[in-house]
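Examination of the molecular architecture
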Amino acid sequence: MRYHVFPAAQYPLLSIYSIGFSGDPQITCFGPGQRTQYIVHYVLSGKGYFNGNLVTCGHGFLITPGMLEEYYPDPEDPWEFLWVTSNSPRMAELYPYFREDERTHIFEYQDYRPLRKIAERVVLNCNTTCNSFEMLELFMSIFKQHGECGATQQTKSTAD
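What counts, and where the lines are drawn
- Residues numbered from 1 in each chain as written.
- Predicted model: local features only at pLDDT ≥ 70, side-chain atom pairs only at ≥ 80, totals over all residues.
- Heavy atoms only, no water.
- Phe/Tyr/Trp six-rings, centres within 6.5 Å; stacked < 30°, edge-to-face > 60°.
- Helix = DSSP H or I, 4+ residues; strand = E, 2+ residues; numbered from the N terminus.
- Buried < 20%, exposed > 50% of the residue type's maximum accessible area, 1.4 Å probe, protein only.
- Pairing = 2+ DSSP bridges.
- Axes fitted to C-alpha atoms, helices over the stretch in contact; angles between N-to-C directions.
- Core = buried A, V, L, I, M, F, W, Y, C linked by side-chain atoms within 4.5 Å.

1. Observations regarding the packing of aromatic side chains
- For the coordinates displayed, the defined rule picks out 17 aromatic pairs.
- Relative to Phe61, the ring of Phe50 lies with its centre 4.2 Å away and its plane at 20 degrees, an arrangement referred to as stacked. In this pair, Phe50 sits in strand β5 (residues 47-50) while Phe61 sits in strand β7 (residues 59-63), placing the two residues 11 residues apart along the sequence.
- Using a relative accessible area of 0% as the deciding quantity, one classes Phe61 as buried.

2. Structural notes on the sheet that holds strand β3 (residues 30-33)
- With antiparallel pairing, 4 strands are arranged side by side in an open sheet as β3-β8-β5-β6. Where the open sheet ends on each side, the last strands, each with one partner, are β3 and β6 (53-56). Along the sheet, successive strands turn relative to each other by an average axial angle of 25 degrees, direction set aside.
- Pairing analysis gives 3 bridges linking β5 to strand β8 (residues 69-73), with the strands arranged antiparallel. If you follow Gly48 over to β8, its bridge partner there is Pro73.

3. A short note on the pairing of strand β4 (residues 38-45)
- Of all 8 residues making up β4, 7 are buried, and the element is well covered by its neighbours.
- Bridge analysis of β4 against strand β9 (residues 80-86) gives 7 bridges, and the strand direction is antiparallel. The residue bridging Tyr42 from the neighbouring strand is Leu82, located in β9.
- In terms of strand pairing, β4 meets β7 through 4 bridges, oriented antiparallel. The residue of β7 that forms the bridge with His41 is Phe61.

4. Some thoughts on the nonpolar core
- Ranked by internal contacts, the top residues of the largest apolar core, which has 28 residues, are Ile19, Tyr42, Leu82 and Met91.
- Going through the elements one at a time, β2 (18-22), β4, β9, α1 (113-124) and α2 (132-159) are the ones with two or more residues in this core.
- The element contributing the most residues to this core is α2, with 6 residues.
- Membership of the second largest hydrophobic core comes to 12 residues, among which are Val55, Met67, Tyr71 and Ile106.

5. Details of the environment of Glu134
- Its place among the elements puts Glu134 in helix α2.
- Glu134 gets classed as partly exposed once you look at its relative accessible area, which sits at 36%.
- With 118 residues separating them along the chain, Glu134 and Ile16 place their C-alpha atoms 9.6 Å apart.

The following block contains the structure:
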């Protein structure tokens, strides 16, 4: 099972190419290989491996264009994940908010429940087309927790 929501048109703001969800072990693997997109994965349940590193619920991983990548589910407890893809170079400007481990490109997030709701929305709207503003709004609702956490950290470091 694989579900996607695609934008209907492109606008000059950050453009999101697709948002998807899957729990099918045959589909939730890739590589080794390289792609030309920015991709953010959020693990919602189970576990798997990204470039040899364990990734579990509450973690995600970032992919940049040209990065050598390989990921696959754990055979005993396969993951489900939500992903966001973008061809926009502006996506790179958001990556620091994820506070990823620079070596592994894995990050932590606080709460999987809002992401699970978005995954349900993706499944309900399977293979539909949304306009770019709807896609951006959906992504920003996903990204919001990173922005809030990043702003909190910036405020703390300025106060020190």
